[in-house]
Every structure is written in C-alpha cells, then in structure tokens.
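# Examining the three-dimensional arrangement
Residue-level listing of the chains:
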Amino acid sequence: MSDSAAASRSLYPVVAPVCVAGLATVVVATISFASEAHGATVVAGLAAFLVASLLADRFPVPVDDLDANGVSLAFVFGLSAIVLFGWAAGVLVVAATPAVMQLLDRRPPVRIAYNSFAFALTAASAGLVIAPIAGDSPARTAARVLVATCVCYLVNVLLITAVVARGTRRSWAGLIASSVRKTILPFTLMGSAVLTLVVLWQRAPLLSLALVGPLLAIQLYQRALLRALRAVRLALTDPLTGLGNHRHFHERLARELEHALRCGRPLALCLVDIDDFKRVNDHFGHPAGDRVLSQVATRLRQSGEAFRLGGDEFAVLLPGSEAGQALTAASSIVERISRLDFGQLGPVTVSAGIALAPQHARQRDELLHLVDTALYRAKEEGKNRAEVYRPDVVELAELKRLASAQDRAARLRAAASLANAVDARDVYSGNHSQRVAELAVRLAARIGLSREEIELTQLAGSLHDLGKLALPENLLRKPTPLTEPEWSVLKEHASLGSRMLESLGIGSVAEWVLHHHERWDGTGYPDGLAGTEIPLGARILFVADAFDAMTSEGLYGKACSPDDALSELVLCAGTQFDPSVVEALAAELDQVAPAAEAPLQQAIAV
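Residues numbered from 1 in each chain as written. Predicted model: local features only at pLDDT ≥ 70, side-chain atom pairs only at ≥ 80, totals over all residues. Heavy atoms only, no water.

Summing up its helical and strand segments, the protein chain has 25 helices and five strands in all. Burial statistics for the protein chain: of 606 residues in total, 48% are counted as buried. With the model as given, the accessible surface of the protein chain reaches about 28,500 Å², and the carbon-plus-sulfur share is 59%. (Helix = DSSP H or I, 4+ residues; strand = E, 2+ residues; numbered from the N terminus. Buried < 20%, exposed > 50% of the residue type's maximum accessible area, 1.4 Å probe, protein only. Areas by Shrake-Rupley, 256 points an atom, 1.4 Å probe, with all protein chains shown as cover.)

What follows is the structure, encoded as structure tokens:
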C-alpha cells in the first residue's frame, strides 16, 4: 500500500461519518425544498444567492498567517439563504458552492465530498437551531442572524480542523485555537454583512442589490490581491515538497527569534538531514530521491513549521518548546520516517540536531551553527537519532570536523564552535575566546607575522582554553578562591588542550596552547620556559588573554578600563609578559581605538 493511500485511510474515521451524515442531510434538504411550493421571488433570490456565492468562493479574501487560500464571502450569501429561506434552501446553496468550485479546480474527490457535506451539516445545524426564533421583528431578525452566524462558524471550525488534526497529527484543540484567532474578526464582519443583506431583502428584495454589488466588487478587487499573494507564496515555497524554501526559512527564523527574545519564551530549531541520501540518487535515480524527499516533507509537516533548505536538508521551527519537548518532537520525526516503506529502496532514516534560543544562542548565525553542530554529532553517534546541542560534549565531533576541514573558513567555523563550548562553561562573560582570537590576530599582524602564522594565531586564540572542556564545571565557576589542589587541576587545562590538538595536523597551534601561561621570567606553567624559549605565538596569546580577562566582567570582579588594563600589563612587562608584545598592544590600542570593530580580514591583510 502506498504512503498516500495509507494517509487517506487514516482520515476515514473522520471523513466517513461526516460524508454519510452530510449526504443524508443534502438528500433530506432536497426532498424538503422540492415538496414545498415557492414563489418566484424565493426561487429567483435563491438562484441569485447561489450565483453570488459561487463568484465569492472563486476569489477568497486573504488572511494574514492563515494556512489556506483565505476566507470566502460565500459565507454571507449562504448564511443569508438559511435565515431568509429556511434550512433546506440554505443547505443546497452552502453545499453546492464548494462542490462546484472545487470540481472546476480538479480537487481530489474525497476533499470535495468532505468539504461539501461538512458545509451541509453546518448549514443544517444553523437552520434547525434558529427555527424556533420566528418572526420578522428587528430584534428577532438580529437574534436569528447572530445565532446562525455563531452556529455556522463553530460547526465549520470543528469539522474542518478535525480532518486537519487527523491528517497532520497535530493537536485538535491547538488547531481550533489557532483558526479562531485568525478568522474570528473577518467572520464577525461578514456576520454584520449578513444582517444588512437580510434586512434589505425583508424590506424589498431589489434593495439587496445595493449590498450585493459592493460585496462582489470587493471580491473582484481581491482577485488581483490573491494572485499577488499566491505569487509571493510561490517565491517562498520549495516546488518539490511544498515546504517553505531557504529564503522563507531565514525570514521566519529571524521573526521567531526576535519574538522569542522580546517575549522571553524559548525557540527550538530542529535541523533534519536524510542519512546516506546520495546512495538513493546514485543507485535508484533522482525520481526515487524526489519521492523520498516528498515523503519526508509530509512527515515534517506533522511536527511544526517545516522548510526545505536544499538537497536533503530540512528545518523545523518549534516556537515555545523547551529542550525536552523539542527532543520529543525530533525523535518522533526520526521514528516516523524510519517506519516508511519505500520498497526496493530499502529503509530510509534521518538524523536531527536541535538548538534553542536564547538558552544556547541569541544570534541567528550562532544558533544555526550550533544546531548544525548538534546534527553533526547525531551523525557521528550512529545516525537515525536526534541530539540536542550540549556544550559539554560537543568537542569530539568538532575536533573531528576541525581535523578534516580542507579550507580556512571550515576550520574557523569548527574552532568557533569549540570556543563557544568553552565560553559557555567558563567564568567570563560573552565570547571570551573569540575576543582573545581577534586581539591576538591584531597583535600578530602588528608584530609582522606572515599570513599563515596569523591564521594559526587566530585558531590558537579560539582554542587556547580548549582543555577546560575536560575539567569539572563546578571547578571553573567556583565563586570562592581555589584551594591549592584545585588550582593544580585548573592549570592542567593547557596540557589537556594541547593533547587534544596535537593529533590534528595544524602545526604549532598545539604548542602555543600548551605554553600560553608561561611567564617571561620562567615562573609560569607547565614547563617553566623563560624569555624567547617561549614560542612567540604563546606569548601573544598570554597578553591577549590577560588583557581580555581584565577588561571583561567575570566571576571574581568587575571589568577594568582598557587604559588600566594596559597599565597593568606595562607594569608586568619583562617579568610576566614579553615586553615586545606588550609594546605592540600599546601601539595597537592607540592606533586602532577609533576603529576597534574593524573586520578581522583587515587585520589579516596587514
């Protein structure tokens, strides 16, 4: 059985009873209407309302953020027919409108049947509820319109969201709340239009043309607006899967991230990648690959707002989800896709990575990088799984990525992720490792190192505290002074970081990290090197690290000014720090103070 057939069968418990009850309602309404005598005015009015309803349904009114084409002013004419001509006449108008228009649009028969019969039940419910409210007085007319509007709206929302909830496996209550929030205002306005149309018809049927004309004019105006809206949606939609495309994803992510930060609520971003997708294309061809992509996209829609970023990579936005909720949703995605039957293609699995704002990152680019890191870890852990970004366990995957990176940009991205992991556990505020790397690059450029040495300096600056990932976090963030044994453990971070880096083939970075706490007078650690025995890169890192530590908010005190920090470094030059590096720092701060935010590339190019 195909996956689409299975999806259709899953809707039967909702679709079948509604279609059976709706068909019976239409048959009874037809017999009831035909068995009664009707004047020419009623027949002509009913025909006019049906034509107007068809025209209105052809050009629905767009509604912001509504996951449909819009709302239709056919509601006005259908509901007016119920109030003026009775439930049977109203059922015929309301049921015929979607049937005719969706047949012209060549919609699936099941969808046509469900919509038509659901609307028939809606009209019958409203007509039967208002039947006891007889009379043409203004109060009774207003009451009939009000009650019919409420009943029609509520029954329609319940029936339509029922089938959507069943098909997408989303919460019925959540869909109802979302639908009501987005459509209550336009339907309230249409209810007032129904009252006006009914009153005009009761006074004199020809007077109703005074309202029918403006309503149809609005519909014709909506035609151009709807076409423009559809064009915009096409520009934001992936043509193969129907999901939002790369551009749409970044727009929505920026909007949701801003909302999350402003309202103080979490935002979970889930990145999903098909495992070994190249095998499918290579062995079975691109049509088979397209089928896999389409089926994966269908499963993603059931979990949140989904996007195809390109190739075999997808994203799902989960606003308001904490880490546990996001992991449950991502694990459900992984499980549902692993159960798909692709016949000769064999099993298809996906891996998923999750990162949260503002818990893990507050900036869009950083959040994207961290979720990509979590996805990479899920792949490394065996695939067919979901992983939440965790700074304390990310180093293995990132070290492997750092080792395998073939270009400078990839190495720097991997180094930045490792630096973020360190900084998340350390005592300094913000991106300490990044700031050290940037300052170290400027010092290396001012001293006159080569371009290759400057790049290595940047890597070493990002990774100078890498060994702290192997230390207990309670030791790193202890608010009181460390004991002598604790201080001995903390000093091991230089050696630990060096050992983590020495097998990666990135030159002298491991050596610089090992010795970045050596003092000019030979009293530093771990080897007690002195003067020019200390590698120049390590001496640069020591100065940059000390300057940023003094000018940053930390666990042990407030930040001091750059001038005070420089004065302290000058005072310690020749004992703790290399005098030439401190001199370069003084010249750099004096020279670039007005342009401290200059791009890193400018410093490298010096």
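Our next topic: helix H3 (residues 74-85). It helps to recall that an α-helix has 3.6 residues per turn; residues three or four apart then point in one direction. For H3, built from twelve residues, the straight-helix expectation of 16 Å at 1.5 Å per residue is met to within 8% by its first-to-last C-alpha distance of 16 Å. Within the sequence span of H3, burial applies to Ala74, Phe75, Val76, Phe77, Gly78, Leu79, Ser80, Ala81, Ile82, Val83, Leu84 and Phe85. Backbone geometry just downstream of H3 places glycine 86 in the positive-phi region, at approximately 100 degrees. (Expected span 1.5 Å × (residues − 1).)

Our next topic: the packing of H3 against helix H4 (residues 87-104). Running from amino to carboxyl end, H3 crosses H4 at an angle of 160 degrees, the nearest separation of the two axes being 6 Å. Relative to H4, the element H3 lies roughly antiparallel. In this structure, H3 crosses over H4, and the sense of that crossing is right-handed. Judged by residue contacts, Ala74, Gly78, Ala81, Ile82 and Phe85 of H3 engage Trp87, Ala89, Gly90, Val93, Val94 and Thr97 from H4. (Axes fitted to C-alpha atoms, helices over the stretch in contact; angles between N-to-C directions. Parallel < 35°, antiparallel > 145°, perpendicular 65-115°, else oblique. Left-handed = near helix turned anticlockwise from the far one by under 90°. Contact = heavy atoms within 4.5 Å.)

Counting residues in each nonpolar core, the largest one holds 53 residues, and the members touching the most others are Ile82, Phe85 and Tyr114. Only helix H1 (3-34), helix H2 (40-58), H3, H4, helix H5 (109-130), helix H6 (138-168) and helix H7 (172-203) provide two or more residues apiece to this core. Sorting elements by how many residues they give to this core places H3 first, with ten residues. Isoleucine 82 has contacts with Trp87, Gly90, Val94, Ala123, Ala126, Gly127, Ile130 and Cys152, leaving out every residue within four places of it along the chain. Counting 40 residues, the second-largest nonpolar core is a separate cluster that includes Val436, Val543, Cys572 and Leu585. (Core = buried A, V, L, I, M, F, W, Y, C linked by side-chain atoms within 4.5 Å.)

Bringing the sheet that holds strand E5 (residues 386-388) into the picture now. If you trace the five strands from one edge of the open sheet to the other, you get E2-E3-E1-E4-E5, paired in mixed fashion. Two strands lie at the open edges of the sheet, namely strand E2 (305-310) and E5, each paired on one side alone. The average angle at which neighbouring strand axes cross in this sheet is 20 degrees, direction not considered. Direction of pairing for strand E1 (residues 267-274) relative to strand E4 (residues 350-357): antiparallel, over a ladder of eight bridges. What sits directly across from isoleucine 274, in E4, is valine 350. Together, E1, E2, strand E3 (313-319) and E4 form the strand contacts of helix H9 (residues 246-263), whose direction differs from that of E2 by roughly 135 degrees. (Pairing = 2+ DSSP bridges.)

What follows concerns the pattern of salt bridges. The full count for this structure, using the stated rule, is 18 salt bridges. Two residues, arginine 265 and glutamate 256, come together in a salt bridge whose shortest N-O distance is 3.4 Å. Take glutamate 256: its relative accessible area is 12%, and that puts it in the buried class. A salt bridge links aspartate 282 to lysine 278; the nearest nitrogen and oxygen atoms lie 2.6 Å apart. Of this pair, aspartate 282 and lysine 278 both sit in helix H10 (residues 277-284), four residues apart, roughly one helical turn. (Salt bridge = Lys/Arg side-chain N within 4 Å of Asp/Glu carboxyl O.)

A few words on a nonpolar patch on the surface. Taken together, the side chains of Leu23, Val27 and Ile31 present a nonpolar region at the surface, about 270 Å² in accessible area. Summarising the element assignment, isoleucine 31 is placed in helix H1. Accessibility expressed as a relative area gives 56% for isoleucine 31, which makes it exposed. (Patch = residues over 30% accessible without salt bridge, like charges linked within 9 Å, V, L, I, M, F, W, Y side chains within 5 Å.)

One pass over the full model with this rule turns up six aromatic pairs. Centroid distance phenylalanine 249 to phenylalanine 307: 5.5 Å. Interplanar angle 65 degrees. Geometry classified as edge-to-face. Here the residue phenylalanine 249 occupies a position in helix H9, and phenylalanine 307 occupies one in strand E2, the gap between them amounting to 58 residues. A relative accessible area of 1% places phenylalanine 249 in the buried class. Here a set of aromatic residues connected by ring pairs shows up, and it is made of Phe49, Phe77, Phe85 and Trp201. Here the basic side chain of lysine 491 rests over the ring of tyrosine 525, its NZ or CZ set 5.4 Å away from the ring centre. (Phe/Tyr/Trp six-rings, centres within 6.5 Å; stacked < 30°, edge-to-face > 60°. Lys NZ or Arg CZ within 6 Å of the ring centre and 35° of its normal.)

Geometry only, nothing functional implied.
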